[in-house]
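Descriptive analysis of the structure
This is what each chain is made of:
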Amino acid sequence: MIQVKLFDYEHEKDLEDEMNFFLEDIRDNQIVDIKYNVATTGEEEEEQIYCFSAMIIYKKK
């Protein structure tokens, strides 16, 4: 069965840490694909807000 795991963080290091933690329990041959995205919001005069997200598509054991 194909499954997905979604991640969404404001800091890229948090995303990296959580994905690596999840991948510790996944074998290489279970990974189908990994999608990554960065989005920003905010006006010129406002602070920009970043959203780092990823989706791991994998085969369930």
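Treat the numbers as computed from the prediction; the structure is a model and nothing was measured.

We now examine the packing of aromatic side chains. Given two aromatic rings, their pairing is described by the distance between the two centres and the angle made by the two planes. In the structure shown here, the tally under the stated rule is 3 aromatic pairs. With a centroid separation of 5.9 Å and 70 degrees between ring planes, the pair formed by F7 and F22 is classed as edge-to-face. Note that F7 is positioned in strand 1 (residues 2-9) and F22 in helix 1 (residues 12-23), a separation of 15 residues in sequence. Aromatic pair Y50 and F52: ring centres 6.0 Å apart, planes at 15 degrees, arrangement stacked. Feature note: the residues F7, F22 and Y58 constitute an aromatic cluster, connected by ring pairs. When the ring centre of F7 is taken as origin, the NZ or CZ atom of K5, which lies over that ring, is 5.7 Å away.

This paragraph deals with the side chain of S53. Note on placement: S53 falls in strand 3 (residues 49-59). Residue S53 is classed as buried on the basis of its relative accessible area of 17%.

Here we take up the nonpolar core. Judged by nonpolar contacts, F7, L15, M19, F22, I26, F52, A54, I56 and Y58 together constitute the single largest core of 9 residues. The element that contributes the greatest number of residues to this core is strand 3, accounting for 4 residues. Aside from chain neighbours lying at most four places away, what touches I26 is I31 and Y58.

This part takes up the environment of Q48. Along the chain, Q48 falls in the loop between strand 2 (31-41) and strand 3. With 22 residues separating them in the primary sequence, Q48 and I26 have C-alpha atoms 34 Å apart. When residues no more than four places from it in sequence are discounted, the contact partners of Q48 are T40 and T41. Within the local environment of Q48, its side chain forms a polar contact with the side chain of Y50, the two groups lying 3.1 Å apart.

Rules and cut-offs
- Residues numbered from 1 in each chain as written.
- Predicted model: local features only at pLDDT ≥ 70, side-chain atom pairs only at ≥ 80, totals over all residues.
- Heavy atoms only, no water.
- Phe/Tyr/Trp six-rings, centres within 6.5 Å; stacked < 30°, edge-to-face > 60°.
- Helix = DSSP H or I, 4+ residues; strand = E, 2+ residues; numbered from the N terminus.
- Lys NZ or Arg CZ within 6 Å of the ring centre and 35° of its normal.
- Buried < 20%, exposed > 50% of the residue type's maximum accessible area, 1.4 Å probe, protein only.
- Core = buried A, V, L, I, M, F, W, Y, C linked by side-chain atoms within 4.5 Å.
- Contact = heavy atoms within 4.5 Å.
- Polar contact = N/O pair within 3.5 Å; in protein donor to acceptor, adjacent residues only side chain to side chain.

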